[in-house]
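So the chains spell out like this:
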Amino acid sequence: MTFKELNLSNPLQNALEEEGYIYPTPIQVEALPIIQSGKDVIGVAQTGTGKTFAYLLPIIKNLKYSEQRQPRVLILVPTRELVVQVVKQIELLTKYISLRYLGVYGGTNINTQKQKVYDGVDILVATPGRLLDLALTGNLRFKSLNQLVIDEVDEMLNLGFRTQLNNILDILPERRQNLMFSATLTADVDNLIQSFFNSPVKIEIAATGTPLELIIQKGYHVPNFYTKINLLEHLLQDDEMSKVLIFVDNKKLADRLAEYIHTKYGEVTGVIHSNKSQNFRLRSIEKFDDGTNRILIATELIARGIDITDVTHVINFDTPTIPENYMHRIGRTGRADKAGVAITFINEVEEEYQEMIETLMNQKIPMFDLPEEIEISNKFTDEERPNLMDKHYLKLNTHSPNSGSGFHEKKEKNKKVNLGGSYKRKIKEKYKKPKTRSQKTKRKY
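Here's a quick rundown of the structure. Keep in mind that what you see is a predicted model, and the values were worked out from it rather than measured. (Residues numbered from 1 in each chain as written. Predicted model: local features only at pLDDT ≥ 70, side-chain atom pairs only at ≥ 80, totals over all residues. Heavy atoms only, no water.)

### What to know about the overall build of the chain
- Helix and strand content of the chain: 17 helices and 14 strands.
- In the chain, the share of contacts with a sequence separation of at least 24, taken over all contacts with a separation of at least 6, comes to 75%.
- Carbon and sulfur atoms provide 48% of the accessible area of the chain, an area that totals close to 24400 Å². (Helix = DSSP H or I, 4+ residues; strand = E, 2+ residues; numbered from the N terminus. Contact = heavy atoms within 4.5 Å. Areas by Shrake-Rupley, 256 points an atom, 1.4 Å probe, with all protein chains shown as cover.)

### Things to note about the pattern of salt bridges
- With the rule as written, the count across this model stands at 14 salt bridges.
- As a salt-bridge pair, Arg281 and Glu81 come within 2.6 Å of each other at their nearest N and O atoms. Here Arg281 is found in helix α12 (residues 278-289), whereas its partner Glu81 is found in helix α4 (residues 80-93), with 200 residues between them in sequence.
- Taking relative accessible area as the criterion, Glu81 reaches 2% and is therefore assigned buried. (Salt bridge = Lys/Arg side-chain N within 4 Å of Asp/Glu carboxyl O. Buried < 20%, exposed > 50% of the residue type's maximum accessible area, 1.4 Å probe, protein only.)

### Brief notes about the nonpolar core
- Within the largest apolar cluster, 39 residues are counted, with the highest numbers of intra-cluster contacts made by Tyr55, Leu57, Ile75, Leu93, Val125 and Phe181.
- Listing elements by their share of this core, those giving two or more residues are α1 (10-18), α2 (26-36), α3 (51-62), β2 (73-76), α4, β4 (123-126) and β6 (177-182).
- Residues in contact with Leu93, not counting those within four places in the same chain, are Leu12, Ala15, Leu16, Phe53, Leu56, Leu57 and Ile60.
- Listed in part, the 32 residues of the second largest apolar core include Ile42, Met156, Leu165 and Val189. (Core = buried A, V, L, I, M, F, W, Y, C linked by side-chain atoms within 4.5 Å.)

### Comments concerning unusual backbone geometry
- Its identity is not glycine, yet Asn7 carries a phi of approximately 60°, on the positive side.
- As for its placement among the helices and strands, Asn7 is situated in the segment before α1.
- Using a relative accessible area of 57% as the deciding quantity, one classes Asn7 as exposed.
- One non-glycine residue, Asn362, adopts positive backbone phi at about 60°.
- Along the polypeptide, Asn362 turns up in the loop between α14 (351-361) and β14 (367-368).
- Using a relative accessible area of 69% as the deciding quantity, one classes Asn362 as exposed.

### Brief notes about the sheet that holds strand β1 (residues 41-44)
- Strand order in the open sheet formed by seven strands is β3-β4-β2-β5-β6-β1-β7, and the pairing between neighbours is parallel. Strands with a single pairing partner mark the edges of an open sheet, and in this sheet they are β3 (101-104) and β7 (201-204). When strand polarity is set aside, the average angle formed by the axes of neighbouring strands in this sheet is 15°.
- Sheet topology note: the β1/β6 ladder contains four bridges and is parallel. In the sheet register, Ile42 faces β6, and the bridge partner there is Met180. (Pairing = 2+ DSSP bridges. Axes fitted to C-alpha atoms, helices over the stretch in contact; angles between N-to-C directions.)

### Focus on the sheet that holds strand β9 (residues 244-247)
- Spatially, β10-β11-β9-β12-β13-β8-β14 is the arrangement adopted by the seven strands of the open sheet, whose pairing is parallel. Of all strands in the sheet, those with a lone pairing partner are β10 (269-272) and β14, marking the two edges.
- Strands β9, β10 and β11 (295-298) of the sheet are contacted by α12, whose axis makes an angle of about 140° with β10.

### Observations regarding the side chain of Lys61
- For Lys61, the location among the structural elements is in helix α3.
- Of the side chains with opposite charge, Glu5 lies nearest to the buried Lys61, which makes no salt bridge, at 14 Å.
- Here the side chain of Lys61 touches Asn7 through a polar contact of 2.6 Å, landing on its backbone oxygen.
- Among residues more than four places away in sequence, those in contact with Lys61 are Asn7, Leu8, Leu12 and Gln36. (Lys, Arg positive; Asp, Glu negative; His and termini not counted. Polar contact = N/O pair within 3.5 Å; in protein donor to acceptor, adjacent residues only side chain to side chain.)

### Focus on the pairing of β2
- Residues Val73 and Ile75 line one face of β2 and the alternating positions Leu74 and Leu76 line the opposite face, and both faces are buried.
- With four bridges connecting them, β2 and strand β5 (residues 147-151) associate as parallel partners. Within β5, the position partnered with Leu74 by the bridge is Leu148.

### A few points about the packing of aromatic side chains
- Throughout the structure, instances matching the rule amount to eight aromatic pairs.
- An angle of 40° between the planes, with centres 6.2 Å apart, marks the rings of Tyr220 and Phe368 as tilted. Taken together, the residues Tyr220 in strand β8 (residues 215-221) and Phe368 in strand β14 connect sequence positions 148 residues apart.
- A relative accessible area of 9% places Tyr220 in the buried class.
- Aromatic side chains Tyr226 and Tyr260 sit 6.1 Å apart centroid to centroid with 75° between the ring planes, which places their arrangement in the edge-to-face category. On the criterion of sequence distance, the pair formed by Tyr226 in helix α10 (residues 225-235) and Tyr260 in helix α11 (residues 251-265) is long-range, its members being 34 residues apart.
- Residue Tyr260 is classed as partly exposed on the basis of its relative accessible area of 29%.
- Within the aromatic cluster, the residues linked to one another by ring pairs are Phe225, Tyr226, Tyr260, Phe317 and Phe345.
- Residue placement shows Lys218 over the ring face of Phe368; its charged tip is 5.6 Å from the ring centre. (Phe/Tyr/Trp six-rings, centres within 6.5 Å; stacked < 30°, edge-to-face > 60°. Lys NZ or Arg CZ within 6 Å of the ring centre and 35° of its normal.)

### Describing the packing of helix α13 (residues 323-330) against α14
- Where α13 meets α14, the axes come as close as 8 Å, and the angle between the chain directions of the two elements is 75°. By the criterion of interaxial angle, the relationship of α13 to α14 is roughly perpendicular. Between α13, through Pro323, Glu324, Tyr326 and Met327, and α14, the contact on the second element is made entirely by Met356, Ile357, Leu360 and Met361.
- Tallied by class, residues from the contact of α13 with α14 come to seven nonpolar, no polar and one charged. (Parallel < 35°, antiparallel > 145°, perpendicular 65-115°, else oblique. Nonpolar A, V, L, I, M, F, W, Y, C, P; charged D, E, K, R; others polar.)

The structure is reproduced here in C-alpha coordinates:
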(Lines give C-alpha, C1' and ligand atoms only; values in the text may rest on other atoms or scores of the structure.)
Protein backbone atom coordinates (compact mmCIF):
# COMPACT_ATOMS: atom_id res chain seq x y z
CA MET A 1 0.00 0.00 0.00
CA THR A 2 1.13 3.55 -0.76
CA PHE A 3 0.10 6.88 0.75
CA LYS A 4 -1.97 7.54 -2.39
CA GLU A 5 -4.26 4.66 -1.38
CA LEU A 6 -4.99 6.22 2.02
CA ASN A 7 -7.35 8.80 0.57
CA LEU A 8 -5.35 11.77 1.85
CA SER A 9 -5.92 15.30 0.58
CA ASN A 10 -3.87 16.51 -2.40
CA PRO A 11 -1.87 19.05 -0.33
CA LEU A 12 -0.86 16.26 2.08
CA GLN A 13 0.00 13.92 -0.79
CA ASN A 14 2.18 16.56 -2.44
CA ALA A 15 4.03 17.31 0.81
CA LEU A 16 4.72 13.59 1.40
CA GLU A 17 5.90 13.02 -2.17
CA GLU A 18 8.33 15.94 -2.05
CA GLU A 19 9.95 14.44 1.07
CA GLY A 20 10.17 11.00 -0.52
CA TYR A 21 7.52 9.28 1.58
CA ILE A 22 5.81 6.59 -0.50
CA TYR A 23 4.81 3.69 1.75
CA PRO A 24 2.95 4.14 5.07
CA THR A 25 3.87 2.01 8.08
CA PRO A 26 1.37 -0.45 9.64
CA ILE A 27 0.55 1.90 12.54
CA GLN A 28 -0.21 4.70 10.07
CA VAL A 29 -2.46 2.48 7.94
CA GLU A 30 -4.50 1.23 10.91
CA ALA A 31 -4.70 4.51 12.83
CA LEU A 32 -5.87 6.78 10.01
CA PRO A 33 -9.49 5.55 9.55
CA ILE A 34 -10.11 5.06 13.28
CA ILE A 35 -8.88 8.54 14.21
CA GLN A 36 -10.96 10.02 11.40
CA SER A 37 -14.04 8.30 12.85
CA GLY A 38 -13.69 10.39 16.01
CA LYS A 39 -13.04 7.53 18.45
CA ASP A 40 -10.47 7.65 21.25
CA VAL A 41 -7.33 5.72 20.24
CA ILE A 42 -4.43 4.06 22.06
CA GLY A 43 -1.58 3.34 19.61
CA VAL A 44 1.23 0.94 20.56
CA ALA A 45 4.08 0.30 18.14
CA GLN A 46 7.83 -0.06 18.32
CA THR A 47 10.00 3.02 18.35
CA GLY A 48 10.86 4.11 14.83
CA THR A 49 7.61 3.02 13.13
CA GLY A 50 6.17 6.47 12.38
CA LYS A 51 3.75 7.02 15.27
CA THR A 52 3.94 10.82 14.93
CA PHE A 53 2.68 10.72 11.34
CA ALA A 54 0.06 8.18 12.46
CA TYR A 55 -1.79 10.86 14.42
CA LEU A 56 -0.74 13.97 12.46
CA LEU A 57 -2.00 12.79 9.07
CA PRO A 58 -5.67 12.29 10.07
CA ILE A 59 -5.65 15.40 12.30
CA ILE A 60 -4.33 17.68 9.55
CA LYS A 61 -6.58 16.10 6.93
CA ASN A 62 -9.73 16.87 8.97
CA LEU A 63 -8.67 20.31 10.22
CA LYS A 64 -10.39 22.99 8.17
CA TYR A 65 -9.34 26.61 7.83
CA SER A 66 -10.47 28.84 10.69
CA GLU A 67 -9.76 32.35 11.95
CA GLN A 68 -10.54 31.64 15.60
CA ARG A 69 -7.65 32.26 17.96
CA GLN A 70 -7.83 29.39 20.45
CA PRO A 71 -6.26 26.00 19.61
CA ARG A 72 -8.40 23.17 18.27
CA VAL A 73 -5.71 20.50 18.67
CA LEU A 74 -3.38 20.07 21.67
CA ILE A 75 -0.35 17.76 21.50
CA LEU A 76 1.38 17.08 24.82
CA VAL A 77 4.96 15.76 24.83
CA PRO A 78 7.46 15.26 27.70
CA THR A 79 10.51 17.25 26.51
CA ARG A 80 11.49 20.42 24.64
CA GLU A 81 13.36 18.39 22.06
CA LEU A 82 10.21 16.43 21.25
CA VAL A 83 8.23 19.68 20.91
CA VAL A 84 10.72 20.83 18.26
CA GLN A 85 10.57 17.42 16.54
CA VAL A 86 6.76 17.37 16.30
CA VAL A 87 6.62 20.99 15.09
CA LYS A 88 9.07 20.09 12.30
CA GLN A 89 6.81 17.21 11.26
CA ILE A 90 3.79 19.52 11.19
CA GLU A 91 5.75 22.05 9.15
CA LEU A 92 6.62 19.34 6.63
CA LEU A 93 3.03 18.12 6.27
CA THR A 94 1.41 21.58 6.07
CA LYS A 95 3.65 22.94 3.33
CA TYR A 96 0.62 23.45 1.08
CA ILE A 97 -1.99 23.88 3.83
CA SER A 98 -2.95 27.09 5.63
CA LEU A 99 -2.75 26.02 9.27
CA ARG A 100 -1.25 27.82 12.25
CA TYR A 101 0.91 25.78 14.63
CA LEU A 102 3.08 26.62 17.61
CA GLY A 103 5.47 24.78 19.94
CA VAL A 104 5.86 25.98 23.54
CA TYR A 105 8.21 24.79 26.28
CA GLY A 106 9.99 26.09 29.34
CA GLY A 107 13.38 27.79 29.40
CA THR A 108 12.34 30.45 26.88
CA ASN A 109 10.60 33.83 27.11
CA ILE A 110 6.97 33.20 28.07
CA ASN A 111 5.89 36.68 26.95
CA THR A 112 6.85 35.88 23.35
CA GLN A 113 4.85 32.66 23.55
CA LYS A 114 1.87 34.50 25.09
CA GLN A 115 1.80 36.89 22.15
CA LYS A 116 1.93 34.05 19.61
CA VAL A 117 -0.93 32.26 21.38
CA TYR A 118 -2.93 35.50 21.39
CA ASP A 119 -2.31 35.94 17.65
CA GLY A 120 -4.05 32.61 17.04
CA VAL A 121 -3.07 28.96 16.71
CA ASP A 122 -4.75 25.82 15.34
CA ILE A 123 -2.35 23.14 16.61
CA LEU A 124 -0.47 23.69 19.87
CA VAL A 125 2.45 21.41 20.80
CA ALA A 126 3.52 21.80 24.42
CA THR A 127 5.26 20.40 27.47
CA PRO A 128 2.90 20.13 30.49
CA GLY A 129 4.63 22.73 32.68
CA ARG A 130 4.71 25.52 30.11
CA LEU A 131 1.15 24.76 29.00
CA LEU A 132 -0.13 25.33 32.54
CA ASP A 133 1.94 28.52 32.82
CA LEU A 134 0.26 29.89 29.70
CA ALA A 135 -3.19 28.80 30.86
CA LEU A 136 -2.70 30.67 34.16
CA THR A 137 -1.96 33.91 32.28
CA GLY A 138 -5.46 33.81 30.78
CA ASN A 139 -4.14 34.08 27.21
CA LEU A 140 -4.64 30.39 26.53
CA ARG A 141 -8.11 28.88 26.72
CA PHE A 142 -9.45 25.51 25.64
CA LYS A 143 -13.12 26.15 24.76
CA SER A 144 -12.47 25.34 21.10
CA LEU A 145 -10.35 22.23 21.74
CA ASN A 146 -11.56 19.15 19.84
CA GLN A 147 -8.59 16.78 19.95
CA LEU A 148 -5.95 15.91 22.55
CA VAL A 149 -2.82 13.91 21.73
CA ILE A 150 -0.56 12.59 24.50
CA ASP A 151 2.75 11.41 23.09
CA GLU A 152 5.08 9.28 25.28
CA VAL A 153 2.78 9.53 28.31
CA ASP A 154 4.78 7.00 30.34
CA GLU A 155 7.83 9.24 30.06
CA MET A 156 5.76 12.20 31.30
CA LEU A 157 4.86 10.20 34.39
CA ASN A 158 8.50 9.13 34.86
CA LEU A 159 9.61 12.77 34.69
CA GLY A 160 7.20 13.76 37.46
CA PHE A 161 4.47 15.40 35.35
CA ARG A 162 1.66 13.36 36.93
CA THR A 163 0.10 16.29 38.82
CA GLN A 164 0.41 18.69 35.87
CA LEU A 165 -1.09 16.11 33.52
CA ASN A 166 -4.07 15.52 35.80
CA ASN A 167 -4.59 19.29 36.14
CA ILE A 168 -4.51 19.74 32.36
CA LEU A 169 -6.99 16.91 31.74
CA ASP A 170 -9.34 18.39 34.35
CA ILE A 171 -9.53 21.81 32.65
CA LEU A 172 -10.00 20.54 29.09
CA PRO A 173 -13.50 20.25 27.58
CA GLU A 174 -15.10 16.89 28.32
CA ARG A 175 -16.26 16.47 24.73
CA ARG A 176 -13.03 15.84 22.89
CA GLN A 177 -11.19 13.07 21.08
CA ASN A 178 -8.27 11.57 23.02
CA LEU A 179 -5.29 10.00 21.25
CA MET A 180 -2.32 8.36 22.94
CA PHE A 181 0.74 6.87 21.23
CA SER A 182 3.74 5.12 22.75
CA ALA A 183 6.11 2.18 22.32
CA THR A 184 5.37 0.97 25.86
CA LEU A 185 2.37 1.06 28.19
CA THR A 186 2.62 0.80 31.98
CA ALA A 187 0.13 0.24 34.82
CA ASP A 188 0.17 3.99 35.58
CA VAL A 189 -0.75 4.72 31.97
CA ASP A 190 -3.62 2.21 32.13
CA ASN A 191 -4.99 4.02 35.19
CA LEU A 192 -4.85 7.32 33.29
CA ILE A 193 -6.68 5.80 30.32
CA GLN A 194 -9.45 4.43 32.53
CA SER A 195 -9.91 7.82 34.21
CA PHE A 196 -9.97 10.13 31.18
CA PHE A 197 -10.54 8.13 27.98
CA ASN A 198 -13.91 7.11 26.56
CA SER A 199 -13.94 3.46 25.35
CA PRO A 200 -10.68 3.82 23.41
CA VAL A 201 -9.77 1.59 20.46
CA LYS A 202 -6.37 -0.03 21.04
CA ILE A 203 -4.13 -0.41 17.99
CA GLU A 204 -1.21 -2.67 18.88
CA ILE A 205 1.11 -3.36 15.97
CA ALA A 206 3.53 -5.31 18.17
CA ALA A 207 3.33 -6.34 21.79
CA THR A 208 4.72 -3.70 24.10
CA GLY A 209 8.42 -4.32 24.65
CA THR A 210 9.00 -5.93 21.25
CA PRO A 211 12.18 -4.59 19.59
CA LEU A 212 12.43 -3.89 15.88
CA GLU A 213 13.64 -6.90 13.91
CA LEU A 214 16.12 -4.70 12.02
CA ILE A 215 18.09 -3.96 15.21
CA ILE A 216 21.01 -6.29 15.89
CA GLN A 217 21.52 -6.51 19.65
CA LYS A 218 24.84 -7.25 21.36
CA GLY A 219 26.00 -7.27 24.96
CA TYR A 220 29.33 -7.30 26.81
CA HIS A 221 29.94 -7.98 30.48
CA VAL A 222 32.32 -5.17 31.50
CA PRO A 223 33.43 -4.79 35.13
CA ASN A 224 33.77 -1.02 35.57
CA PHE A 225 33.77 2.48 34.07
CA TYR A 226 37.39 2.56 32.90
CA THR A 227 37.14 -0.86 31.24
CA LYS A 228 33.98 0.40 29.52
CA ILE A 229 36.05 3.37 28.26
CA ASN A 230 38.66 0.97 26.86
CA LEU A 231 36.00 -1.14 25.12
CA LEU A 232 34.25 1.95 23.72
CA GLU A 233 37.48 3.32 22.24
CA HIS A 234 38.18 -0.08 20.69
CA LEU A 235 34.71 -0.29 19.11
CA LEU A 236 34.86 3.26 17.76
CA GLN A 237 37.87 2.29 15.62
CA ASP A 238 35.39 0.51 13.33
CA ASP A 239 34.66 2.75 10.31
CA GLU A 240 31.13 1.30 10.09
CA MET A 241 30.33 3.23 13.28
CA SER A 242 29.71 6.41 11.33
CA LYS A 243 26.88 7.81 13.48
CA VAL A 244 26.99 6.64 17.09
CA LEU A 245 24.56 7.58 19.87
CA ILE A 246 25.90 6.75 23.34
CA PHE A 247 23.52 6.64 26.33
CA VAL A 248 24.59 7.09 29.95
CA ASP A 249 22.54 7.12 33.15
CA ASN A 250 23.05 10.69 34.37
CA LYS A 251 24.42 14.15 33.60
CA LYS A 252 27.62 13.70 35.62
CA LEU A 253 28.57 10.55 33.71
CA ALA A 254 27.70 12.21 30.41
CA ASP A 255 30.16 15.04 31.07
CA ARG A 256 32.83 12.67 32.37
CA LEU A 257 32.57 10.40 29.34
CA ALA A 258 32.56 13.39 26.99
CA GLU A 259 35.88 14.56 28.47
CA TYR A 260 37.51 11.20 27.74
CA ILE A 261 36.07 10.83 24.25
CA HIS A 262 36.72 14.46 23.28
CA THR A 263 40.46 14.09 23.88
CA LYS A 264 40.61 11.46 21.13
CA TYR A 265 37.81 12.43 18.73
CA GLY A 266 37.73 16.19 19.28
CA GLU A 267 35.15 18.27 17.46
CA VAL A 268 33.12 15.32 16.13
CA THR A 269 31.81 14.61 19.65
CA GLY A 270 28.71 16.19 21.18
CA VAL A 271 26.98 15.87 24.54
CA ILE A 272 23.42 16.61 25.59
CA HIS A 273 21.61 16.57 28.96
CA SER A 274 19.15 18.71 30.91
CA ASN A 275 21.82 20.97 32.46
CA LYS A 276 22.81 22.27 29.04
CA SER A 277 21.10 25.38 27.70
CA GLN A 278 18.24 25.00 25.25
CA ASN A 279 20.25 26.41 22.34
CA PHE A 280 23.19 24.13 23.15
CA ARG A 281 20.90 21.09 23.22
CA LEU A 282 19.25 21.93 19.91
CA ARG A 283 22.62 22.60 18.24
CA SER A 284 23.96 19.27 19.53
CA ILE A 285 21.05 17.40 17.95
CA GLU A 286 21.34 19.35 14.68
CA LYS A 287 25.09 18.71 14.36
CA PHE A 288 24.60 15.01 15.02
CA ASP A 289 21.61 14.77 12.70
CA ASP A 290 23.31 16.49 9.75
CA GLY A 291 26.48 14.44 10.17
CA THR A 292 28.77 17.21 11.45
CA ASN A 293 29.30 15.19 14.64
CA ARG A 294 29.95 11.47 14.48
CA ILE A 295 29.29 10.84 18.20
CA LEU A 296 26.58 12.13 20.54
CA ILE A 297 26.66 11.32 24.27
CA ALA A 298 23.23 11.64 25.86
CA THR A 299 21.11 10.89 28.89
CA GLU A 300 17.55 9.54 28.74
CA LEU A 301 16.55 13.03 27.58
CA ILE A 302 16.49 12.10 23.88
CA ALA A 303 15.60 8.42 24.18
CA ARG A 304 11.98 9.22 23.32
CA GLY A 305 10.47 10.34 20.06
CA ILE A 306 13.48 12.14 18.58
CA ASP A 307 13.88 11.14 14.94
CA ILE A 308 17.56 11.34 14.07
CA THR A 309 18.25 9.90 10.64
CA ASP A 310 20.70 7.09 9.84
CA VAL A 311 22.00 6.34 13.36
CA THR A 312 24.19 3.31 12.69
CA HIS A 313 24.87 2.32 16.30
CA VAL A 314 23.36 2.88 19.73
CA ILE A 315 25.66 2.10 22.67
CA ASN A 316 24.26 1.73 26.18
CA PHE A 317 27.36 2.71 28.15
CA ASP A 318 25.20 2.09 31.23
CA THR A 319 22.44 -0.52 31.23
CA PRO A 320 19.14 1.30 31.85
CA THR A 321 17.48 0.54 35.18
CA ILE A 322 13.98 0.71 33.63
CA PRO A 323 13.54 -1.99 30.95
CA GLU A 324 11.17 0.14 28.86
CA ASN A 325 13.93 2.75 28.52
CA TYR A 326 16.10 0.13 26.84
CA MET A 327 13.45 -0.24 24.15
CA HIS A 328 13.31 3.52 23.57
CA ARG A 329 17.10 3.87 23.51
CA ILE A 330 17.81 1.15 20.96
CA GLY A 331 14.87 2.40 18.90
CA ARG A 332 16.97 5.42 17.85
CA THR A 333 18.60 3.09 15.33
CA GLY A 334 17.05 0.65 12.87
CA ARG A 335 14.52 3.26 11.75
CA ALA A 336 12.71 3.67 8.43
CA ASP A 337 13.49 0.12 7.27
CA LYS A 338 17.24 0.58 7.80
CA ALA A 339 19.31 -1.85 9.85
CA GLY A 340 21.01 -0.76 13.05
CA VAL A 341 23.16 -2.14 15.87
CA ALA A 342 22.53 -1.75 19.63
CA ILE A 343 25.42 -2.57 21.98
CA THR A 344 25.06 -2.70 25.77
CA PHE A 345 27.82 -2.65 28.39
CA ILE A 346 26.78 -4.57 31.53
CA ASN A 347 28.65 -4.62 34.82
CA GLU A 348 27.90 -6.97 37.74
CA VAL A 349 25.30 -4.69 39.34
CA GLU A 350 23.60 -4.13 35.98
CA GLU A 351 23.06 -7.86 35.36
CA GLU A 352 19.80 -7.53 37.30
CA TYR A 353 18.62 -4.85 34.84
CA GLN A 354 19.67 -7.10 31.96
CA GLU A 355 17.36 -9.84 33.24
CA MET A 356 14.46 -7.36 33.51
CA ILE A 357 15.04 -6.17 29.93
CA GLU A 358 15.16 -9.73 28.62
CA THR A 359 11.93 -10.55 30.45
CA LEU A 360 10.20 -7.55 28.85
CA MET A 361 11.45 -8.45 25.36
CA ASN A 362 10.87 -12.17 25.89
CA GLN A 363 14.28 -12.80 24.37
CA LYS A 364 17.93 -12.82 25.42
CA ILE A 365 20.50 -10.17 24.57
CA PRO A 366 23.26 -12.04 22.66
CA MET A 367 26.43 -11.80 24.78
CA PHE A 368 29.98 -11.57 23.40
CA ASP A 369 33.38 -12.04 25.03
CA LEU A 370 35.55 -8.96 25.47
CA PRO A 371 38.20 -8.68 22.74
CA GLU A 372 41.59 -9.95 23.94
CA GLU A 373 43.26 -6.58 23.39
CA ILE A 374 40.93 -4.82 25.87
CA GLU A 375 42.73 -3.86 29.08
CA ILE A 376 40.73 -4.76 32.21
CA SER A 377 41.13 -1.80 34.56
CA ASN A 378 41.43 -2.20 38.33
CA LYS A 379 40.58 1.45 38.85
CA PHE A 380 37.11 2.32 40.15
CA THR A 381 35.15 5.55 40.13
CA ASP A 382 33.74 6.97 43.36
CA GLU A 383 30.30 5.60 42.46
CA GLU A 384 31.68 2.09 41.92
CA ARG A 385 33.67 1.85 45.15
CA PRO A 386 31.86 -0.08 47.91
CA ASN A 387 30.69 1.96 50.88
CA LEU A 388 32.63 0.56 53.82
CA MET A 389 30.18 2.13 56.28
CA ASP A 390 27.27 0.23 54.75
CA LYS A 391 25.97 -2.29 57.28
CA HIS A 392 25.16 -4.72 54.49
CA TYR A 393 28.71 -4.51 53.18
CA LEU A 394 30.42 -4.99 56.54
CA LYS A 395 28.50 -8.18 57.41
CA LEU A 396 29.76 -8.15 61.01
CA ASN A 397 28.21 -11.49 62.03
CA THR A 398 30.49 -13.65 59.93
CA HIS A 399 31.61 -16.01 62.73
CA SER A 400 30.57 -19.63 62.80
CA PRO A 401 31.01 -22.34 65.49
CA ASN A 402 33.97 -23.68 63.50
CA SER A 403 35.79 -20.39 63.15
CA GLY A 404 38.38 -21.19 65.83
CA SER A 405 39.16 -20.18 69.43
CA GLY A 406 37.95 -16.64 68.80
CA PHE A 407 34.35 -17.87 68.77
CA HIS A 408 32.44 -18.13 72.06
CA GLU A 409 28.87 -19.21 72.65
CA LYS A 410 26.66 -16.36 73.85
CA LYS A 411 25.70 -16.31 77.49
CA GLU A 412 22.05 -17.05 78.24
CA LYS A 413 21.32 -13.49 79.39
CA ASN A 414 22.53 -12.11 76.04
CA LYS A 415 20.24 -14.37 73.98
CA LYS A 416 17.42 -11.85 73.87
CA VAL A 417 15.02 -11.80 70.97
CA ASN A 418 13.86 -8.60 69.33
CA LEU A 419 10.10 -8.76 69.78
CA GLY A 420 9.40 -5.71 67.61
CA GLY A 421 6.12 -3.86 67.64
CA SER A 422 4.08 -6.57 69.41
CA TYR A 423 6.39 -6.34 72.43
CA LYS A 424 5.96 -2.57 72.59
CA ARG A 425 2.19 -2.90 72.43
CA LYS A 426 2.16 -5.35 75.34
CA ILE A 427 4.25 -2.99 77.46
CA LYS A 428 1.91 -0.12 76.61
CA GLU A 429 -1.13 -2.19 77.58
CA LYS A 430 0.47 -3.21 80.85
CA TYR A 431 1.57 0.20 82.04
CA LYS A 432 -0.92 2.40 80.15
CA LYS A 433 -0.20 5.91 78.92
CA PRO A 434 1.29 8.19 81.63
CA LYS A 435 -1.20 10.64 83.08
CA THR A 436 -0.96 14.29 82.13
CA ARG A 437 -0.29 16.87 84.80
CA SER A 438 -3.95 17.98 84.73
CA GLN A 439 -5.09 14.39 85.15
CA LYS A 440 -2.77 13.90 88.11
CA THR A 441 -4.04 17.00 89.93
CA LYS A 442 -7.74 16.53 89.12
CA ARG A 443 -9.74 15.72 92.24
CA LYS A 444 -12.49 13.14 92.26
CA TYR A 445 -15.74 14.25 93.94
